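Per-entry structural report
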Amino acid sequence: MDKTTLISMAVFIFTNIGTIISMFLWVRSEANSDRRESLDLLRAIQADSKAFQSAMMTESKDFHGRLCAIEERNKK
């Protein structure tokens, strides 16, 4: 093999390694971005769920209070 072939093989190998490294770093940054978006979505869902649970508990307490008042009126 002559020098030209060896040089072209070395350039090809280093080019492939550079491409693989740059693609790895790009995919890693995209995955981090997706992870952040997913966590933000999960936090929003959790906050909405807590608000719904709180509203449901308040409504349940009000309903229970009204039932107790009705029972008291009916006992008399």
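In case you missed it, the structure is sitting above this.
Structural notes, computed from the coordinates. (Residues numbered from 1 in each chain as written. Predicted model: local features only at pLDDT ≥ 70, side-chain atom pairs only at ≥ 80, totals over all residues. Heavy atoms only, no water.)

**Quick word on the overall build of the protein**
When its secondary structure is counted, the protein shows one helix and zero strands. Evaluated residue by residue, the protein yields a buried proportion of 0% over its 76 residues. When the accessible surface of the protein is totalled, it reaches about 7200 Å², and 65% of it is carbon and sulfur. (Helix = DSSP H or I, 4+ residues; strand = E, 2+ residues; numbered from the N terminus. Buried < 20%, exposed > 50% of the residue type's maximum accessible area, 1.4 Å probe, protein only. Areas by Shrake-Rupley, 256 points an atom, 1.4 Å probe, with all protein chains shown as cover.)

**A look at a nonpolar patch on the surface**
On the surface, Phe12, Ile13, Phe14, Ile17, Ile21, Phe24 and Leu25 cluster together into a nonpolar patch covering about 770 Å² of accessible area. Structurally, Ile13 is set in helix α1 (residues 3-75). (Patch = residues over 30% accessible without salt bridge, like charges linked within 9 Å, V, L, I, M, F, W, Y side chains within 5 Å. Salt bridge = Lys/Arg side-chain N within 4 Å of Asp/Glu carboxyl O.)

**A closer look at the environment of Glu30**
With respect to the element layout, Glu30 can be found in helix α1. Here Glu30 falls in the partly exposed class, since its relative accessible area comes to 37%. Separated by 31 residues in the primary sequence, Glu30 and Lys61 have C-alpha atoms spaced 47 Å apart.

**Concerning the pattern of salt bridges**
Tallied over the entire structure, the rule returns two salt bridges. Here Arg43 ties to Asp40 by a salt bridge, and the two come within 3.8 Å at their closest N and O atoms. With Arg43 and Asp40 both in helix α1 and three residues apart, the pair spans about one turn of that helix. Since its relative accessible area comes to 49%, Asp40 is described here as partly exposed. The salt bridge partner of Glu59 is Arg66, with a shortest N-O separation of 3.6 Å.

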